[in-house]
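What follows is each chain in one-letter form.
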Amino acid sequence: MKRQNKYRKFQLQQKNIEALERENTRFKRVYSEYENMSNELWNLENSKGEPVPDDFINAMILQTSYLEDEIEDWLIQFNKEKTDIKQ
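Fair warning: this is a prediction, and the values are worked out from it, not measured in the lab.

Caption draft 1: Broad picture of the pattern of salt bridges. The full count for this structure, using the stated rule, is one salt bridge. R26 is the salt-bridge partner of E70, the closest N and O atoms lying 2.5 Å from each other. In this pair, E70 is assigned in helix α3 (residues 54-86) and R26 in helix α2 (residues 25-46), connecting sequence segments 44 residues apart. On the basis of relative accessibility, which here comes to 25%, the residue E70 falls in the partly exposed class.

And the structure:
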């Protein structure tokens, strides 16, 4: 059984992400970078090839977490704006 990618934490908010990508090119670039980094990180941690230095993996984890924080901020703001419009 294949293990799930623990770095893909925004799967439940895909509709909001798609809406944000249509509205904001900067968000689209950030989210695309996050997807690329999380996929690469997953591949590095689960490959059977040459081991990758921990410092490199840790730097990628740190960068991915910065991107996650930025994406979360956008999603919070997007959800807040949607709620304000409904009221």
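Caption draft 2: Structural detail: the packing of aromatic side chains. A full pass over the atoms with the stated rule returns five aromatic pairs. Ring geometry for F10 versus Y34: centroids 5.4 Å apart, planes at 70°, classification edge-to-face. Within this pair, whereas F10 is found in the segment before α1 (14-23), its partner Y34 is found in helix α2, the two being separated by 24 residues in sequence. When sorted by exposure, F10 lands in the same class as Y34, which is buried. Ring plane angle 90° and centroid distance 5.1 Å describe the contact between F27 and W74, whose orientation is recorded as edge-to-face. Of the two residues, F27 sits in helix α2 while W74 sits in helix α3, which places them 47 residues apart along the sequence. Exposure remark for F27: the relative accessible area of 0% places this residue in the buried category. Following the ring pairs from residue to residue traces out a cluster consisting of F10, F27, Y31, Y34 and W74.

Cut-offs applied
Residues numbered from 1 in each chain as written. Predicted model: local features only at pLDDT ≥ 70, side-chain atom pairs only at ≥ 80, totals over all residues. Heavy atoms only, no water. Salt bridge = Lys/Arg side-chain N within 4 Å of Asp/Glu carboxyl O. Helix = DSSP H or I, 4+ residues; strand = E, 2+ residues; numbered from the N terminus. Buried < 20%, exposed > 50% of the residue type's maximum accessible area, 1.4 Å probe, protein only. Phe/Tyr/Trp six-rings, centres within 6.5 Å; stacked < 30°, edge-to-face > 60°.

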